[in-house]
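Each chain, letter by letter, is given below.
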Amino acid sequence: MPAMMKTTGSIHRIEVENFKSYKGHQVIGPFRNFTAIIGPNGSGKSNLMDAISFVLGVRSMQLRGSQLKDLIYTENDSVVNPLRRAYVKLVYRNGNGSGEELTFTRTITAAGSCEYRINERVASWDDYNAKMKSLGILLKARNFLVFQGDVESIAAKNPKELTAMFEQISGSEELRKSYEELEEQKKRAEERTMLAYQKKRSMVSERKQKKEQRDEAEKHLELVKKLKELRRENYLFQLFHIDKDIGSLMAEIETDNGDLREVAKAQYGVENAIKEKKKQQAVYMKKILDAERNIGRKKTDLDKKVNEMGHKKEAARYDVLKAKVEDIDNQLREAKADRRENERDVKMNAAIESLKRLFPGVRGRITELCRPTQRRYNLAVSIALGRNMDAIVVDDEKTARDCIQYLKEQRLSSMTFIPLQTIKIKPVQERMRTLGGTSKLVIDVIQFDPAYERAFIYACGNTLVCDGLDEAKRLGWGPERAKVVALDGTLIHKSGMMTGGLSGGMEAKAQRWDDQAVESMRN
Ligand code: ATP
Ligand code: MG
């Protein structure tokens, strides 16, 4: 039999009187936690269930037997005794161990109506029901009674009916209305939530977008700042270099100014030298003029004398005079050559000074860089060196090219350059040193810095120098066939050619070494 749920108490026993097949007063129980009622068919098992249902307030319609009076005991299926009454009493015992009893009694009166009592005192149906509710017995729910055939009928129910049944049993049917209302509210709330969620989502995305925009803007500002800094740095960098350039250019200008002053000084010196030479030239010119006048006079004299001689037949006097005239002519030629040479020299010296200043690889003229070991070799060395006397010794070919470029730019007359690095030389033939007599290699009778040796080997070659002309001839045209210069300046070529006599200012050039010696002594 079912125990009362939700409470600690339980049904202790059922007392019936004249209920259905129970005749008179019967006590059924006490019930245990689990009690089974057994018996043959029709013995009254279901009637006990009916009795419990009845006392709990189940309507007679829901019990087997549609009318209340059908529930009253009848003997031999005869008509119910109209005076007989029936009741069912449920004795409920509190579970706290005190044994306290609570009784519910439902009675079918002789008049056929229902009467309810709690602890033997008549109560209204509402109070009766409320009391039972307080014990957890929900009549409407019928949640504790399983009638015969219920299992089969439940099994035969469709899902909808099952749902309805469960709702009835669980008591949720009562809550259906509020459930539906709440369901509606929930739906509305969900809609609101959805809206709010969508709003939130759009706001989040908007926020994200704004944040991106903000980040972009910040990045932009950062880059603008960086750009500004870089520009500033760039300008500073440029300014720094401009400043530096100004500094170095100023220094260059300073140096150039210094150089300019030097050049001006040198120019001043050269101009003075020119002035001096011009003065000398004027003196020579005067001499020439005088000499020419003298010649004129002498010629007139001569003519006169020749006329006189025609008569007096003085041949001898004419010869003397003629020799005198020739002598004067020679002097005149030399004076002219000297003048030309001086002018050329002044210009050349100035040009060489400029080259030395401009190009550090310029060493100087051959004549500046050597001097004969003895004065008596001056003329022979000059002749042997020939046009190389005025050649300029430089370090390398590039310096030579630079110098030539400069000469062209300045419209100066051409010069010959001997680059030390690249000039091709024939080695000195040692046997030329041991030919005997007074012969010597020209290169052995001059002094020079060993650094310029290549230039001098080139300029002198294997040319020999000796005292007399006869010896020179022997050497030049003998088995050696050397190029030889005699001390008087006569040059014997291997080919047999001879050069000699008073020549284009060579004597004056030979004088240069003496001038140089005087100059260096004066310095
Ligand atoms: P089964 O095992 O077949 O279900 P059961 O033990 O449940 O049997 P019940 O239905 O409780 O039997 O009892 C039925 C018996 O009760 C029947 O014999 C019936 O005549 C008797 N009965 C029903 N109503 C009355 C009444 N008003 N007066 C006298 N007897 C009644
Ligand atoms: Mg039965």
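Criteria and cut-off values
Residues numbered from 1 in each chain as written. Chains lettered and ligands numbered in written order. Predicted model: local features only at pLDDT ≥ 70, side-chain atom pairs only at ≥ 80, totals over all residues. Heavy atoms only, no water. Pairing = 2+ DSSP bridges. Helix = DSSP H or I, 4+ residues; strand = E, 2+ residues; numbered from the N terminus. Axes fitted to C-alpha atoms, helices over the stretch in contact; angles between N-to-C directions. Patch = residues over 30% accessible without salt bridge, like charges linked within 9 Å, V, L, I, M, F, W, Y side chains within 5 Å. Areas by Shrake-Rupley, 256 points an atom, 1.4 Å probe, with all protein chains shown as cover. Salt bridge = Lys/Arg side-chain N within 4 Å of Asp/Glu carboxyl O. Lys, Arg positive; Asp, Glu negative; His and termini not counted. Charge placed at Lys NZ, Arg CZ, Asp CG, Glu CD. Buried < 20%, exposed > 50% of the residue type's maximum accessible area, 1.4 Å probe, protein only. Contact = heavy atoms within 4.5 Å. Polar contact = N/O pair within 3.5 Å; in protein donor to acceptor, adjacent residues only side chain to side chain.

K.L.:
Talk me through the sheet that holds strand β10 (residues 417–419); I want residue IDs and the actual numbers.
P.N.:
Pairing in this open sheet of three strands is mixed, and the strands run β7-β9-β10 from one edge to the other. If you trace the sheet from one side to the other, it starts and ends with β7 (362–365) and β10, each paired once. Pairwise comparison of adjacent strand axes, ignoring direction, gives a mean angle of 25 degrees for this sheet. With three bridges connecting them, β7 and strand β9 (residues 392–394) associate as antiparallel partners.

K.L.:
So, a positive patch on the surface: which residues are in play, and what are the values?
P.N.:
On the surface, R297, K298, R317 and K324 cluster together to form a positively charged patch. For the positive patch, the secondary structure elements donating two or more residues are α5 (172–312) and α6 (316–358). By the secondary structure assignment, R297 is in helix α5. By relative accessible area, which is 52% here, R297 ends up exposed.

K.L.:
Pulling in residues and values, what's your account of the environment of T463?
P.N.:
Tracing the backbone through its elements, the reader meets T463 in the loop between α10 (453–460) and β13 (464–466). Take T463: its relative accessible area is 4%, and that puts it in the buried class. Sequence separation between T463 and L302 is 161 residues, and the spatial gap between their C-alpha atoms is 47 Å. Excluding residues within four positions of it along the chain, T463 makes contact with A384, K440, L441, V442, K483 and V485. Here C460 takes part through its backbone oxygen, which lies 2.8 Å from a polar atom of the side chain of T463.

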